[in-house]
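# Observations on the model geometry
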Amino acid sequence: MADKITLKLLKKKPLMLITWSDITSTHTGWFETVKELTTATIKTPGWILEENEKEIKVVSSIGIHKEDIFLGFDTIIPRGCIEEIKVLKKQWWR
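Attention here is on the structure that accompanies the text. Within every chain, residues take consecutive numbers counted from 1 along the sequence as written. Whole-chain, interface and lining totals are the exception, using all residues; otherwise, since this is a predicted model, local features are given only for residues with pLDDT of at least 70 and side-chain atom pairs are given and counted only at 80 or more. Each side-chain value is worked out from all heavy atoms of the structure, with water and hydrogens disregarded.

Time to look at the packing of aromatic side chains. Pairing of aromatic side chains requires ring centres within 6.5 Å, counting the rings of Phe and Tyr and the six-membered ring of Trp. Pairs whose planes differ by under 30 degrees are stacked, by over 60 edge-to-face, and all others tilted. Scanning all chains against the criterion turns up two aromatic pairs. For the ring pair Trp47 and Trp92, a centre distance of 5.1 Å and an interplane angle of 65 degrees mean the geometry is edge-to-face. Here Trp47, found in strand S2 (residues 40–51), pairs with Trp92, found in the segment after strand S5 (82–89); they are 45 residues apart in sequence, far enough to count as distant. By the burial criterion, Trp47 is buried, and Trp92 matches it. Ring centres of Trp92 and Trp93 lie 6.1 Å apart, and the angle between their planes is 90 degrees; on these two criteria the pair is classed as edge-to-face. Taking the relative accessible area as the measure of exposure, Trp92 reaches 18% and is therefore buried. Relative accessible area decides the class of each residue, using a 1.4 Å probe on protein chains only: under 20% of the type maximum gives buried, over 50% gives exposed, and in between gives partly exposed. Judged by relative accessible area, Trp93 falls into the partly exposed class, the value being 31%. Runs of H or I in DSSP of at least four residues are treated as helices and runs of E of at least two as strands, each being numbered from the N terminus.

These figures come from the coordinates and say nothing about function on their own.
In structure tokens:
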């Protein structure tokens, strides 16, 4: 995702909650109707590291060990799937 993330940069990014629609499937092969098939609502808490008009890139875990920063549980969400983005905590490191 990002080339080199620093703790100083991460502290500027609020902890967010992204609500979005994800693809679902019946996983049963061929079927006669799709009336009962709907998308799944997903809630992803995390930090938005990058975004553009097409997608956002989010990580849901930050590891700090000495001077190293580790990012985990990365997700790229297409903008067209996003229902809502809200701030959970602006100053999350306190």
